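Now for the letters of each chain:
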Amino acid sequence: MDLRIFTEPQQGATYDTLLTVAKATEDLGFDAFFRSDHYLRMGSVDGLPGPTDAWITLAGLARETKRIRLGTLMTAGTFRLPGVLAIQVAQVDQMSGGRVELGLGAGWFEEEHKAYGIPFPKEKFARLEEQLEIVTGLWSTEAGQTFDFDGRHYQLTDSPALPKPAQAKVPVLIGGHGATRTPRLAARYADEFNIPFASIEDSERQFGRVRAAAEEAGRKGGDLVYSSALVACVGKDDAEVARRAAGIGRGVDELKANGLAGSPAEVVDKIGRYEAIGASRIYLQCLDLGDLDHLELISSQVQSQLS
């Protein structure tokens, strides 16, 4: 079971804070550092000092870390043109020595688009499908060849399809709760399918849909990595769990029901239940980025038991 650290910087974080967390992620033996791709805070937090850009952040971290994988859950398809995104991700992959993964989604948070003058199209899913075909097509085009695409939303003509990533294949993550189109898209393009903030029962159901869609598309269901993203709130005792829950504005009972909360033993047990339904990777949503002791506890008393 891989454990990855997943951050939400739009809630309030500087690049230096993210660098500190990423270095702790590496030093403590976690598999990867991932971040969201948002430009506006959510909920009652002030979000200060303001947003950071996901791929600029990852470019910086690519040069300041050595081992951990780096990626997004999820890059918003509404934020970047697919040709530009392919260039950005390939460059960051080169800068990292081949450690980048691309989570790509349709985009959903209309308010952040209004706040920063970003178009918010009505038809987002069809755009996402074209974006995935373009990005993966540009990367897979052989050197010296050109790439063309004539879609409803995007057109590319005589693209040199450069630069290339350092990896022969940048892993592509697709995720979500959609019952039909999302599994079909994952079956066609994804190396990993991620379901965020879902119960064990809902996760098992969605994993089954993706496996079936993969088989229908001519792939083996087991060709994909299946992962979950869950909020983390771990404490040595009840008082520490309660303190950490209060620090992120959540209730202990709610966190235990919907996330990975409680003692290390409780969290290990619940991770085992996700593993039993097919998850081999967990993204731990860590909301208090100043609480490095939390990461150390998870590393020493949760991750150590899983390995």
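Up top is the structure.
Everything in this summary refers to the structure shown in the same document. (Residues numbered from 1 in each chain as written. Predicted model: local features only at pLDDT ≥ 70, side-chain atom pairs only at ≥ 80, totals over all residues. Heavy atoms only, no water.)

The terminal C-alpha atoms of helix H11 (residues 292-306) lie 20 Å apart, and with 15 residues this matches the ideal 21 Å at 1.5 Å per residue to within 8%. At Ser299, H11 shows its largest kink, close to 35°. Listed as buried for H11 are His294, Leu295, Leu297, Ile298, Ser299, Val302 and Gln303. The inward-facing, buried residues of H11 contact strand E1 (2-7), helix H1 (15-27), strand E10 (225-234), helix H8 (238-247), helix H10 (264-276) and strand E12 (281-285). (Helix = DSSP H or I, 4+ residues; strand = E, 2+ residues; numbered from the N terminus. Expected span 1.5 Å × (residues − 1). Bend = angle between axes of the 7 residues up to and from the residue. Buried < 20%, exposed > 50% of the residue type's maximum accessible area, 1.4 Å probe, protein only. Contact = heavy atoms within 4.5 Å.)

Here we come to empty space enclosed by the protein. Taken as a whole, this structure holds two cavities of 30 Å³ or more when the rule is applied. Computed from the structure, the largest cavity encloses a volume of approximately 40 Å³. Lining the largest cavity are Ile5, Val21, Cys286, Asp288, Leu289, Asp291, Leu292, His294 and Leu295. The dominant element in the lining of the largest cavity, judged by the number of residues it contributes, is H11, at three residues. Roughly 30 Å³ of volume is contained in the second largest cavity. Forming the walls of the second largest cavity are Leu3, Ala232, Val234, Leu260, Val267, Ile271, Leu284, Ile298 and Val302. (1 Å grid on protein atoms, 1.4 Å probe; cavity = no way out; pocket = protein on both sides within 12 Å on 5 of 7 lines; lining within 4 Å. Points joined across faces, edges and corners; volume = space filled by probe spheres on them.)

The subject of this paragraph is the layout of surface pockets. As a volume, the largest pocket reaches approximately 1200 Å³. Taken together, 49 residues form the lining of the largest pocket, with Glu8, His38, Met42, Trp108 and Phe197 sitting closest to its centre. For the lining of the largest pocket, the element with the most residues is helix H6 (residues 181-189), which contributes three residues. Partitioned by chemical class, the residues of the lining of the largest pocket number 22 nonpolar, 21 polar and six charged. There is about 180 Å³ of room inside the second largest pocket. Lining the second largest pocket we find 15 residues, and of these Gly77, Thr78, Pro121, Arg127 and Tyr154 sit closest to its centre. With three residues, helix H5 (residues 125-140) is the single largest residue contributor to the lining of the second largest pocket. (Nonpolar A, V, L, I, M, F, W, Y, C, P; charged D, E, K, R; others polar.)

Below, the discussion takes up the packing of H1 against helix H2 (residues 54-64). Relative to each other, H1 and H2 sit at 45°, their axes nearing to 10 Å. One finds that H1 runs oblique with respect to H2. Crossing of H1 over H2 shows right-handed handedness. Of the residues in H2, those in contact with Tyr15, Leu18, Leu19, Ala22 and Lys23 of H1 are Thr57, Gly60, Leu61 and Glu64. (Axes fitted to C-alpha atoms, helices over the stretch in contact; angles between N-to-C directions. Parallel < 35°, antiparallel > 145°, perpendicular 65-115°, else oblique. Left-handed = near helix turned anticlockwise from the far one by under 90°.)

Applying the stated criterion to the full structure yields 20 salt bridges. Here Lys114 and Glu110 are joined by a salt bridge, their closest N and O atoms 3.9 Å apart. Residue Lys114 and its partner Glu110 are located together in helix H4 (residues 110-116), separated by four residues, close to a single helical turn. Residue Lys114 is classed as exposed on the basis of its relative accessible area of 64%. For Glu240, the salt bridge is made with Lys236, and the minimal N-O distance between the two is 2.9 Å. Judged by its relative accessible area of 56%, Lys236 falls in the exposed class. Counted as one network, the salt bridges with shared partners bring together Lys236, Glu240, Arg243, Arg244 and Asp291. (Salt bridge = Lys/Arg side-chain N within 4 Å of Asp/Glu carboxyl O.)

Attention shifts here to the nonpolar core. Among soluble globular proteins, nonpolar side chains are generally buried collectively. Counting 74 residues, the largest nonpolar core has Trp55, Leu102, Trp139 and Leu284 as its most contacted members. Per-element accounting of this core gives the leading share, seven residues, to H5. Those residues in contact with Trp139 that sit more than four places away from it in its chain are Ala86, Val89, Ala90, Leu102, Pro163, Lys164, Pro165, Val170 and Val172. Counting eight residues, the second largest nonpolar core, distinct from the first, contains Phe34, Leu73, Leu173 and Ala229. (Core = buried A, V, L, I, M, F, W, Y, C linked by side-chain atoms within 4.5 Å.)

With that out of the way, let us pick up the packing of aromatic side chains. Throughout the structure, instances matching the rule amount to six aromatic pairs. Measuring from centroid to centroid gives 6.4 Å for Phe193 and Phe207, while their planes differ by 85°, and the two rings are edge-to-face. With Phe193 in strand E9 (residues 192-196) and Phe207 in helix H7 (residues 200-216), the pair connects residues that are 14 residues apart, well separated along the chain. Under the relative-accessibility criterion, Phe207 is labelled buried at 0%. Here a set of aromatic residues connected by ring pairs shows up, and it is made of Tyr39, Phe79 and Tyr116. (Phe/Tyr/Trp six-rings, centres within 6.5 Å; stacked < 30°, edge-to-face > 60°.)

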